[in-house]
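Listed below, chain by chain, are the residues.
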Amino acid sequence: MTPDRRTAALAGAFYLVTHVTSVAAVILYGGMVDDDAWLAGTGSTAPQLVGALLDIVLAVAVVGTALALLPLLRPHARIGGPAYLTLRALEAAVILVGAASVVALVGLRDAGLADGAAGVALRELYSATFLVGAGLVVGVHTVVLAVVLWRLRAVPRWIPALGVVGAILVTASNLTVMVGLQGEITTARSLAAVPIFLWEISLAATLIVRGLRLPETSAAASSPRAPVAA
């Protein structure tokens, strides 16, 4: 396996980690997200703390995907590669804010104070970070990467096409949540997230199995007028 193939496989592995940790964290948070009775409860908060830990791992893996892809994309996409890294770092920062709010909320609940205004505010902060990070920033960086991969023909073109469709759907769905046209937990919102989920799974599998099919960098480097993908 060549160094570029290993780097692509590493990026694919990071993508899979993001999926496992994000889904597991949501499951572990359980009633914390939408059940007022949880705020006044007295049961174990260990699942929520583990969920927050998984969100921290998620944030690291999110940045890892872009860091691994950057050296592969930068020679061909001088704008798109760094832009993708910047947007993924922004997503990770939002995720970490959400994880911190969960830890603080758990502390309040253990002290019997979570059913007050502070507890409600922290829960709303977590919901807002999920909406902004996974809901809106993801749509933007998905389009950036999908356009780069499409122009370079680095993967089968149905994969970036699926990414663009998924980005449009998930962004539109979360905007309707933001303006109050639908609730945070709805069937429509779950269905809107399916294409972008399939985009990332398909991209991860492609990166691990065959890597990226990129133009020869030597030819691009030898010609100062060689076009560079955005």
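Since the model is a prediction, treat every value here as computed from it, not as a measurement.

Just to check I follow, could you spell out the packing of helix α5 (residues 117-152) against helix α6 (residues 158-178) for this structure?
Geometry of a packed helix pair, given as the angle between the helix axes and the separation of the axes. Relative to each other, α5 and α6 sit at 160 degrees, their axes nearing to 8 Å. As the angle between them shows, α5 and α6 are arranged roughly antiparallel. Here the hand of the crossing between α5 and α6 comes out left-handed. Residues Leu131, Ala134, Gly135, Leu136, Gly139, Thr142, Val143, Ala146 and Trp150 of α5 form the contact with α6, whose participating residues are Pro160, Ala161, Gly163, Val164, Ala167, Val170, Thr171, Asn174, Leu175, Val177 and Met178. Looking at side-chain class alone, the contact of α5 with α6 contains 14 nonpolar, six polar and no charged residues.

Where do I start with the pattern of salt bridges in this structure?
Between side chains of opposite charge, a pair can form when the charged atoms approach closely. In the structure shown here, the tally under the stated rule is two salt bridges. For Glu91, the salt bridge goes to Arg88, with nearest N and O atoms at 3.0 Å. Of this pair, Glu91 and Arg88 are both found in helix α4 (residues 80-110), three residues apart, which corresponds to roughly one turn of the helix. Take Glu91: its relative accessible area is 6%, and that puts it in the buried class.

Each value, and the rule that gives it
Residues numbered from 1 in each chain as written. Predicted model: local features only at pLDDT ≥ 70, side-chain atom pairs only at ≥ 80, totals over all residues. Heavy atoms only, no water. Axes fitted to C-alpha atoms, helices over the stretch in contact; angles between N-to-C directions. Helix = DSSP H or I, 4+ residues; strand = E, 2+ residues; numbered from the N terminus. Parallel < 35°, antiparallel > 145°, perpendicular 65-115°, else oblique. Left-handed = near helix turned anticlockwise from the far one by under 90°. Contact = heavy atoms within 4.5 Å. Nonpolar A, V, L, I, M, F, W, Y, C, P; charged D, E, K, R; others polar. Salt bridge = Lys/Arg side-chain N within 4 Å of Asp/Glu carboxyl O. Buried < 20%, exposed > 50% of the residue type's maximum accessible area, 1.4 Å probe, protein only.

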